[in-house]
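# Summary of the model geometry
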Amino acid sequence: MNFTYLFVLIWLALLISSGVLLFSRGFLLARVSKTETSSCRILSTNPNDEYFLTPEVVNEIFKDVNASAHLCLPQKTKVIVLVVDALKYEFGLYKENVKEPLPYENKLVVLKELLERSPDHARLMRFRADPPTTTMQRLKGLTTGSLPTFIDIGSNFASPEINEDNVIDQIVKSHLPLVFLGDSTWTDLYPRRFKRAYSYPSFDIFDLDSVDNQIMKHLPKELANDDWQVLVAHFLGVDHCGHKHGPMHEEMVRKLGEMNEVIRSVVEAMDNETTLLVMGDHGMTASGDHGGDTDDETNALLFAYTKQHRFYGNDTGSDSEMLQQIDLVPTLATILGVPIPYSNLGLINFNIIPEIPVPHLNRFQTLLLHVWQNAQQIYRYFFQYALENKRTFNVDEMDRLETEFILLTHRVQTIYNEAAFKSFVRDLNIHLRDILSTCREIWVRFEPTQMMHGLLFSFLPVFFIFLLVNNSRPGDYVRIFKAKEVFYTYLINLAAGVFGYRYFKNFSFKTEEHGVIFFTALASAVILAFHTLRHWGSLVENWAAVRRFGHMPTRLLLFGSMAVFFSNSFVIQEAKMLSYLLAGSILVLSHELLRLSIRVEFRSKIKVSQVLRSTALRLILASVLAICFIRFAYTLFRCREEQGNCVDFATSGGPGFSLKKPGTGKSYILAVFMIVVYTTLTRLYLRSCGNLTGNSANVLLARYGPTVASICAGGHVLLAHSSIKNIQRSHIDAMALVIYGLLLLQIIVVSVAPLMIFVLPPRTGNTVTINGNESIVPEIFRKMKRMYEGNDDDVERRNAIPVVYGLATVYSSIVIAFGVFLALVMIVLLEPRASIGLVLCLAVGAILLSVHGILRYRTATSFESCVQPTFTALVGWFLLAHFCFFATSHQTTLSQIEWRAAFVGRTTGLGQSNIISGCLVILNTFCGPIFFFCMYSLLSTETFSLFALFPNLIRSCRNNAAKADSTATLSDLADEAVGFDMTRGELTLYEYEDDFLGANFKLAAQFFMLQGLKIFCAMLACTIHCRHLMVWKIFAPRFIYEALATFVSLPSLIVGYLLLLRIHRAVDTLIKRINKTKVH
């Protein structure tokens, strides 16, 4: 079997993907982590220690305060840190006179009691997080004090060990024992740091209680122990409740109530020399999600409490209402008396530091040493980083900051009272916040070289696909891409990659990856240019045959879809724009069909009865129905923060489906109904095609598998989101696992025996006489034609013809059957309302195929033109694949990723594999591109299957000449129309295999071209808007989504082509077997 085209597609996919990857390395460049660490001499109150604090030592310190950076004052108290994941600031506020509080309101009563009972010993503050607000990124910020980088969010599935200086390592180096309980992300980031660790997996968002229960089991005995100085407990229940139910669910009442009791018990058990910090790592949106930069996501809660010691007051210059999360690091280091981590940019907040006197130091001297140590640490890190990355920072800005700091170093020597201290601290804090602002503005520095190379090497494959593939005929690819030349192409790319890996430094590339991508892409561009020049004559000839202004409406639709990336308002409203463009492509197809119908079917006076019976009217009505489906999908779109005029369905629904209250689950019932309708209609279609006849493995699977899968999918939709309690999770998981198993079985069956046909052997020994080198197929169909026309009176001879059920749809039937199982897997991963959107898109796709199939037959003049889809259908299918992303309730924002999908069917049975989690989330998020690109071959096969199933369409689609001859057979009509007998259905595709495989290769390459053009526009928009105010909020997330869509779309197209090759090989084996039987 010739797999040359497959390897060419893989080659082109690698070229486009490598360009996108290279651009992302330049655009989403991570901050350079510094490996340096801070150190200090800890001053002690114990006379036996080396650095004993005496009046003489104090006098030496204040002779030169600038030399005090290497000193740390003694530890103040032990620390208990209770991290309640996703503890939003509003969850801790107590609202008086509220008769019916919301599920998350007034539940943490213990905070209110402590604030009222001991106002000087308790603090409640807004805890401001830096985006992205994912748990791992927040833990990095909470322990290093540095700003997170945008692209680090991608490592949320695989948390790497932190190699940057951090407060955990500083505590360990200072010999202060740590104990940890809870989220295993901590032990992933800081392995082997804890004296005792009770860590548990954190990613099963369906599980609200397991981790919290384990913490509550071990926490009391740890509080009773006295062998630790820092205790950290990270609770997950509130966050998982938000992901699963949202903050408005009754389960949130229970989880916040549990946290209230945990805090109360810790307060009662802690001793007088301990500081309690209760905090959230981030907040949550109204739908329970997080990850972005909205106020709901970045505003967490911080509560601090000590039993015996008062906290410093508001006269220290620290903010008493809000604490930046990065400020926790120097504050915690100050409480524990350890060095502030080297890369910290946060400021000490004295409002949550116990006011414990230090011997021989008065109050303002203690504060001065703390703030100046913090200032010198920030200065040392910031200016050292700027010195090593000179191009990153503005020279004038650096000079201004350096001058200000030099002035402050002189002022600090002249502070002898509290009034001077307050003035100094106010100016110092302003200066340090200026440094922080400078870092926020320019931290993610762009690499223009990598961005330029990424743009270039993403565009070149698209350009050559347009020149070489798009302007060639399907039959030409055999001589353009020869197997030996493709093999040499891979060898040349391998050699270029090795050269780039070995000599990347010689060309001033910073990484081996850059060198490998550059030289392989350059070599591939040269090879493609060589192929283009070698076949330039035929390319120009084919290009000249194309109408200059042909398909202009479709080109405008395509231009509109690409223009989305260049405006932030377009990106915000992209869902609606795509719906208009998709509806426009369907209208263009309908217009072309109607124009031809008036010319063909209504040549004389138009009669009402003739109009009502016409095929064109039915297809026009179907097109209107498709547009109605697209319009209905508006109700399924999710909202962005920037859209203030709509309500996200995730926040407007009830608590879930209830058998006692069916009205609460209309969307659930509708989802189940549409699943049943979809599987039933596809099964009826396959049965009418004859593809469910027989007992082969694929036939049995297609006959019974969708029914079983739809029952499981419907049950999963109802039970997984049910408000009924005490449903065992393993039973719900089993339904999803059955669907996964059926898809896996379908893949295996397609790989081994894909055909869904049944060969009925002849009843007599009569044979069909042919030469040994001839094919049996034309003879079979000639004999069938003679019988149909009544020219063969010998009934026995009819019985001698082998009858094969399902041959007319031998290709499309397998693709459709595979698509059913793939769609049901996606449905079970989606939310119920999102699954409705997927089924609606499938219906729109079926209508688009039907309209295009008949339009293609009416406009085709040969097999080649019949098997190649029109450009309008191509663009329509492409737009539908991407519209499905929004119709399935997704948005291009980081906070609306459906992490729930990572555990559908996996909470009890398939372990904690991050690879499986990532694959399931990808399937959920990009279900549209994956499904429709895997099914892309239907665009070239459906015309043949339609006319094999509905032969009367051939008569209704012909012109006057054919009408004049009322005795003309269907075969004659088809021969007269397109030059071959279309009554054979999809079996005709086998007889023209070179053109058929070439056309599908061209179709896949054209989709490559469209997807490559789309990601190129996204990259170009990011380049243009790299200093735009909304670059990280809108343009960067949109690029990330489009890049991921490219990485899944190109392999999906390759899978679709591979599926077609496997079917073709099976058909080839079948025909050869029949030929061999008939000859012998």
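Remember, predicted model here, so these are calculated numbers, not experimental data.

So, on to the overall build of the protein. When helices and strands are tallied, the protein shows 44 helices and 12 strands. Out of the 1080 residues belonging to the protein, those deemed buried represent 60%. With the model as given, the accessible surface of the protein reaches about 43,300 Å², and the carbon-plus-sulfur share is 59%.

Inspection of every chain in the model, using the stated rule, returns 1 disulfide. Disulfide partner of Cys40: Cys72, at an S-S distance of 1.9 Å. Its S-S torsion of approximately -110° makes the covalent link between Cys40 and Cys72 left-handed. Placement of Cys40 in the loop between helix 1 (4-27) and strand 1 (41-42) and of Cys72 in strand 2 (residues 71-72) is noted, with a sequence separation of 32 residues between them. Exposure remark for Cys72: the relative accessible area of 2% places this residue in the buried category. Summary of cysteine pairing: Cys927 is not part of a disulfide, and the nearest cysteine sulfur, belonging to Cys884, is at 4.6 Å.

Our next topic: the sheet that holds strand 5 (residues 178-183). Pairing within the open sheet is mixed, and its 8 strands lie in the order 6-5-7-3-8-9-4-10. What marks the edges here is a single partner per strand, and that holds for strand 6 (196-200) and strand 10 (322-324). The mean angle between the axes of side-by-side strands here comes to 15°, regardless of whether they run parallel or antiparallel. Two strands pair when backbone bridges link them, and strand 8 (residues 274-279) and strand 9 (residues 299-306) are joined in this way by 5 bridges, in the antiparallel orientation. By the bridge assignment for strand 9, Met279 is matched with Leu302. Where helix 8 (residues 210-224) meets the sheet, its contacts fall on strand 3 (78-84), strand 5, strand 6 and strand 7 (230-235), and the angle it forms with strand 7 comes to roughly 160°.

On to the pattern of salt bridges, then. Following the criterion strictly, the structure yields 33 salt bridges and no others. With its nearest N and O atoms 2.8 Å apart, the salt bridge here joins Arg473 to Glu864. Separated by 391 residues along the polypeptide, Arg473 in the loop between helix 16 (448-469) and helix 17 (477-480) and Glu864 in helix 34 (residues 863-867) bring together distant segments of the chain. Judged by relative accessible area, which is 45%, Arg473 ranks as partly exposed. Judged by its relative accessible area of 16%, Glu864 falls in the buried class. Between Lys1014 and Glu1042 there is a salt bridge, with the nearest N and O atoms lying 3.6 Å from each other. A residue pair is termed long-range when its members are at least 10 positions apart, and Lys1014 in helix 43 (residues 993-1024) and Glu1042 in helix 44 (residues 1031-1079) qualify at 28 residues.

The residue Ser1049 is located in helix 44 in this model. A distance of 2.6 Å separates the side chain of Ser1049 from the backbone oxygen of Ala1045, its partner in a polar contact. With residues up to four places along the chain from it excluded, the contact list for Ser1049 reads Pro929, Phe933 and Gln1011.

It is worth spelling out the environment of Thr893 at this point. For Thr893, the location among the structural elements is in the loop between helix 35 (871-887) and helix 36 (914-925). Ignoring anything within four residues of it in the chain, the contact list for Thr893 reads Arg640 and Tyr1041.

Moving on, we get to helix 37 (residues 927-934). With 8 of 8 residues buried, helix 37 lies mostly within the body of the structure. Within helix 37, burial applies to Cys927, Gly928, Pro929, Ile930, Phe931, Phe932, Phe933 and Cys934.

Remark: helix 28 (residues 697-720) packs on helix 32 (residues 812-829), axes separated minimally by 10 Å, with the N-to-C direction vectors making an angle of 15°. By the angle class used here, helix 28 and helix 32 are roughly parallel. Relative to helix 32, the crossing made by helix 28 is left-handed. From helix 28, Asn698, Leu701, Ala702, Gly705, Pro706, Ala709, Ser710, Ala713 and His716 reach across to helix 32, where they touch Ile814, Ala817, Val820, Phe821, Leu824 and Val828. Looking at the contact of helix 28 with helix 32 residue by residue, the class counts come to 11 nonpolar, 4 polar and no charged.

Here we take up the pairing of strand 5. The buried fraction of strand 5 is high, at 6 of 6 residues. Two elements, strand 5 and strand 6, share 5 bridges in a ladder whose sense is parallel. Residue pairing across strands places Gly182 opposite Ser199, the latter belonging to strand 6.

Let us look at the packing of aromatic side chains. A complete count under the given rule lists 48 aromatic pairs for this structure. Taking 5.5 Å as the distance between ring centres and 75° as the angle between the ring planes, the aromatic pair formed by Phe457 and Phe518 counts as edge-to-face. Taken together, the residues span a long stretch of sequence, with Phe457 in helix 16 and Phe518 in helix 19 (residues 512-534) at a distance of 61 residues. Each of the two residues, Phe457 as well as Phe518, counts as buried. Sitting over the ring of Tyr94, Lys112 keeps its end group 4.9 Å from the ring centre. When the ring centre of Tyr503 is taken as origin, the NZ or CZ atom of Arg502, which lies over that ring, is 5.0 Å away.

Okay, the pairing of strand 7 next. Burial analysis of strand 7 places 6 of its 6 residues in the buried class, the great majority of the element. Residues Val230, Val232 and His234 point to one face of strand 7 and Leu231, Ala233 and Phe235 to the other, with burial holding for every one of them. Inspection of the sheet shows strand 5 paired to strand 7 by 5 bridges, in the parallel sense. Looking at strand 7, one finds that Val179 is bridged to Leu231.

Looking at the protein, the pLDDT average stands at 84 and 85% of residues meet or exceed 70. The low-confidence segment residues 657-664, where pLDDT is below 50, has 14 contacts with residues more than four positions distant or belonging to other chains. Within the model, the stretch residues 764-774 combines pLDDT values under 50 with 16 contacts to residues more than four positions away or in other chains.

Our focus in this paragraph is a nonpolar patch on the surface. A cluster of nonpolar side chains, namely Phe487, Tyr488, Leu491, Ile492, Leu494 and Val498, defines an oily patch on the protein surface of about 600 Å² accessible area. Among the secondary structure elements, Leu494 is positioned in helix 18 (residues 483-503). Looking at Leu494, the relative accessible area reads 56%, which means it is exposed.

By size, the foremost hydrophobic cluster in this structure holds 210 residues, and its most contacted members are Phe27, Phe883, Phe1007, Phe1008 and Phe1039. Ranked by residues supplied to this core, first place goes to helix 44 with 22 residues. If sequence neighbours within four positions are ignored, Phe883 has contacts with Ala575, Leu578, Ser579, Leu582, Ile630, Ala633, Phe637 and Cys841. Leu147, Phe194, Leu347 and Val425 belong to the second-largest nonpolar core, a separate cluster that totals 73 residues.

Put simply, helix 35 and helix 37 touch, their axes get as near as 6 Å, and they point 150° apart. Judged on the interaxial angle alone, helix 37 and helix 35 are roughly antiparallel. For the element pair helix 35 and helix 37, the recorded crossing hand is right-handed. Contacts between helix 35 and helix 37 involve Trp877, Phe878, Leu880, Ala881, His882 and Cys884 from the first element and Gly928, Pro929, Phe932 and Phe933 from the second. Residues that form the contact of helix 35 with helix 37 fall into these classes: 8 nonpolar, 2 polar and no charged.

Let us now look at helix 33 (residues 832-859). Compared with the 40 Å implied by 1.5 Å per residue over 28 residues, the 41 Å span of helix 33 between its first and last C-alpha is a close match. Judged by how many residues are buried, helix 33 sits mostly within the fold: 23 of 28 residues are covered.

What follows concerns the environment of Leu189. Mapped onto the secondary structure, Leu189 falls in helix 7 (residues 185-189). What makes Leu189 buried here is its relative accessible area of 0%. Remark: the alpha-carbon pair of Leu189 and Glu161, spanning 28 residues in sequence, is separated by 4.2 Å.

Each value, and the rule that gives it
- Residues numbered from 1 in each chain as written.
- Predicted model: local features only at pLDDT ≥ 70, side-chain atom pairs only at ≥ 80, totals over all residues.
- Heavy atoms only, no water.
- Helix = DSSP H or I, 4+ residues; strand = E, 2+ residues; numbered from the N terminus.
- Buried < 20%, exposed > 50% of the residue type's maximum accessible area, 1.4 Å probe, protein only.
- Areas by Shrake-Rupley, 256 points an atom, 1.4 Å probe, with all protein chains shown as cover.
- Disulfide = S-S within 2.5 Å.
- Pairing = 2+ DSSP bridges.
- Axes fitted to C-alpha atoms, helices over the stretch in contact; angles between N-to-C directions.
- Contact = heavy atoms within 4.5 Å.
- Salt bridge = Lys/Arg side-chain N within 4 Å of Asp/Glu carboxyl O.
- Polar contact = N/O pair within 3.5 Å; in protein donor to acceptor, adjacent residues only side chain to side chain.
- Parallel < 35°, antiparallel > 145°, perpendicular 65-115°, else oblique.
- Left-handed = near helix turned anticlockwise from the far one by under 90°.
- Nonpolar A, V, L, I, M, F, W, Y, C, P; charged D, E, K, R; others polar.
- Phe/Tyr/Trp six-rings, centres within 6.5 Å; stacked < 30°, edge-to-face > 60°.
- Lys NZ or Arg CZ within 6 Å of the ring centre and 35° of its normal.
- pLDDT = per-residue confidence, 0-100.
- Patch = residues over 30% accessible without salt bridge, like charges linked within 9 Å, V, L, I, M, F, W, Y side chains within 5 Å.
- Core = buried A, V, L, I, M, F, W, Y, C linked by side-chain atoms within 4.5 Å.
- Expected span 1.5 Å × (residues − 1).

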